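Secondary and tertiary structure notes
What follows is the residue order along each chain.
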Amino acid sequence: MLNKTPAARVQAFLDTFGEALEAGRIDEAASMFVEECYWRDLVTFSWNIKTMEGREQVRDMLKSQLDHVKPSNWQVAENEEVTEADGVTEAWITFETGVARGYGLVRLRDGLIWTLLTTMVELKGHEEKAGFTRPLGAKHGQNVGARTWKEEREEETRTLGYDKQPYVVIIGGGQGGIALGARLRQLGVPTIIVEKNERPGDSWRKRYKSLCLHDPVWYDHLPYIDFPKNWPVFSPKDKIGDWLEMYTKVMELNYWTKSTAKSAKYDEARKEWTVVVDRDGEEVVLRPKQLVFATGMSGKANIPAFKGKERFKGEQHHSSQHPGPDQYKDKKVVVVGSNNSAHDICAALHEAGVDATMIQRSTTHIVKSDTLMELGLGDLYSERALQSGMTTAKADLIFASLPYRIMHEFQKPIYDKIREVDAKFYDDLEKAGFRLDFGADDSGLFMKYLRRGSGYYIDIGASQLIIDGKIKLAAGQVEEITEDSVKLDNGEEVPADVIVYATGYGSMNGWVADLIDRETADRVGKVWGLGSDTPKDPGPWEGEQRNMWKPTQQEALWFHGGNLHQSRHYSQFLSLQLKARMEGIPTPVYGLQEVHQKS
């Protein structure tokens, strides 16, 4: 066996592993993992998004799931190289279950599985119509009375939600709802997206005018349609809004604009929801089997109840409602907060000649965009990555294959290097009075995002304005709001005509409390975070994002969202879970998340 190629050795290992699973020899299969192992499953075995850590958890999952999963045909993926480096053999793999086809990535250490990623690609008999199976479109031959594509589409738009009920209702028509809607459309799942704004993309258009994506274009594609080759690296908000509007049209999504969900209630006996929607002044009652909240990973705007806030004579608003700088000439604007939105808003205010002060209440992680792109994303999401043969789908899977339990170990060296490369930048920021951090364990941006979704800024220029004193900086806790100022706990008083609260968002289950009831919101519990027991991510350890893209403690209630990368990647796995339920395929969930925090 030592004389075989790496691919042959991995295939021999997979043959033995597959034989043990098919024969139900669970102990033997579990023994093929190293003691400190990680099996991350995206739907195929667990009908969940679940990471098994250690042999005992692997064994427990197999005891629960193996009989009905029926895995088989484990193969090294065609046309993919098996690599060996630093004692680790890495291979892309394919496999099947009784109802699905899967794809994955395995890493072997000392001849045993160290990490294993298994993902569901498609359900057998319910494949997407694409490539050789794409719809013909034209209707050749004699078809008396046949309707055109336009007529069929108009009928669907007219009848869905009235004469016919959708199987899924998605509340929220931003990038998350749109990406999931597109996946469900390709799987033939009748879906309505409910969006309060007048046009698709308005959730971007209506933000402050300087807003742009801080993630690069290679990281941000939507399913099925990549951004064109001449698309800017960092997308301005209105350009993204127009892209989303185009996308909803060409992907033929049933997208209800000027529509607000007013209430929702689940009927346990009928196994369906009653969702009351105000559709541009008309009350419509929808009865879907599945309800998805795609209202934004960050949830409801968090506006602190500072003492004296009601006395303030000027204008106050949350950053999500900030109109931009134009109307604030000759005014003193105080921005409470020091993360992405606060920096963007302060920079735009300065550029418009407005007196802007940022109030930093706690330390913030800063990373320069250029450095992040080169050291943090470049191997997976960049023009350089594309030239080396990397695809978006492969990059998504490589990122997904790193278990959250040890991801910080891979991230820390990157941010150690970033600190070294940009040492002068960080020194200058600290000299200006800005308080920095690199995360609870110095693991940087991605871990902060995954754990809490806040506490960082990807610098595209505002940090230099702070260094140069062009954006004023005040540090401390807000003690009181007066008629014309913000008072801090260190005695400093910052004059203000306008206060912008760039103070973040609450958990997504706050929307559940508003639309359904508090009992359901508490039953579902907090949304987002890993249970890392770091600031704003209380333990115990969960190992996956709480409640995202997977079954929750409320039957038929789901959450979808995150950044554009997550909306693209995880929409695949949420859509397959919903499709399986629509088709009556058994979906026994392993490891349904317990609730430890309510908000």
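Up top is the structure these notes are about.
Residues numbered from 1 in each chain as written. Predicted model: local features only at pLDDT ≥ 70, side-chain atom pairs only at ≥ 80, totals over all residues. Heavy atoms only, no water.

Quick look at the overall build of the protein chain now. Per the secondary structure count, the protein chain includes 18 helices and 25 strands. For 599 residues, the compact-globule estimate of 2.2 N^0.38 gives 25 Å, and the protein chain sits close to it at 25 Å. With the principal axes as the frame, the protein chain shows a C-alpha extent of 75 × 65 × 50 Å. Put simply, the protein chain has 599 residues, and 55% of those count as buried. If you take every contact in the protein chain between residues at least 6 apart in sequence, the share linking residues at least 24 apart comes to 65%. Accessible area for the protein chain stands at about 25,900 Å²; split by element, carbon and sulfur atoms hold 48% of it. (Helix = DSSP H or I, 4+ residues; strand = E, 2+ residues; numbered from the N terminus. Rg over C-alpha atoms; globule rule 2.2 N^0.38 Å. Buried < 20%, exposed > 50% of the residue type's maximum accessible area, 1.4 Å probe, protein only. Contact = heavy atoms within 4.5 Å. Areas by Shrake-Rupley, 256 points an atom, 1.4 Å probe, with all protein chains shown as cover.)

The next subject is unusual backbone geometry. Looking along the chain, the bond that leaves Gly539 and enters Pro540 is cis, with omega of 5°. Take Pro540: it is sitting in the loop between α17 (518-524) and β25 (557-559). Positive phi, normally seen in glycine, also occurs at Glu252, with a value near 60°. In this fold, Glu252 is placed in the loop between α7 (237-250) and β10 (255-256).

Sheets are built from strands paired through backbone hydrogen bonds, the pairs being either parallel or antiparallel. Strand order in the open sheet made by the three strands is β11-β12-β13, with antiparallel pairing throughout. Looking at which strands have only one partner, the edges of the open sheet turn out to be β11 (259-267) and β13 (282-286). Averaged over all pairs of adjacent strands, the angle between their axes in this sheet comes to 15°, without regard to strand direction. Judged from the five bridges that link them, strand β12 (residues 272-279) and β13 form a sheet pairing that is antiparallel. Note on β13: the bridge partner recorded for Asp278 is Glu283. (Pairing = 2+ DSSP bridges. Axes fitted to C-alpha atoms, helices over the stretch in contact; angles between N-to-C directions.)

Under the counting rule described, the total for this entry stands at one cavity of 30 Å³ or more. In this structure, the largest cavity encloses a volume near 100 Å³. Along its surface, the largest cavity is lined by 15 residues, and Phe399, Tyr404, Leu450, His565 and Gln566 are the ones closest to its centre. Elements that contribute at least two residues to the lining of the largest cavity include exactly α11 (392-400), α12 (404-421), α14 (445-451) and α18 (564-582). With four residues, the top contributor of residues to the lining of the largest cavity is α18. (1 Å grid on protein atoms, 1.4 Å probe; cavity = no way out; pocket = protein on both sides within 12 Å on 5 of 7 lines; lining within 4 Å. Points joined across faces, edges and corners; volume = space filled by probe spheres on them.)

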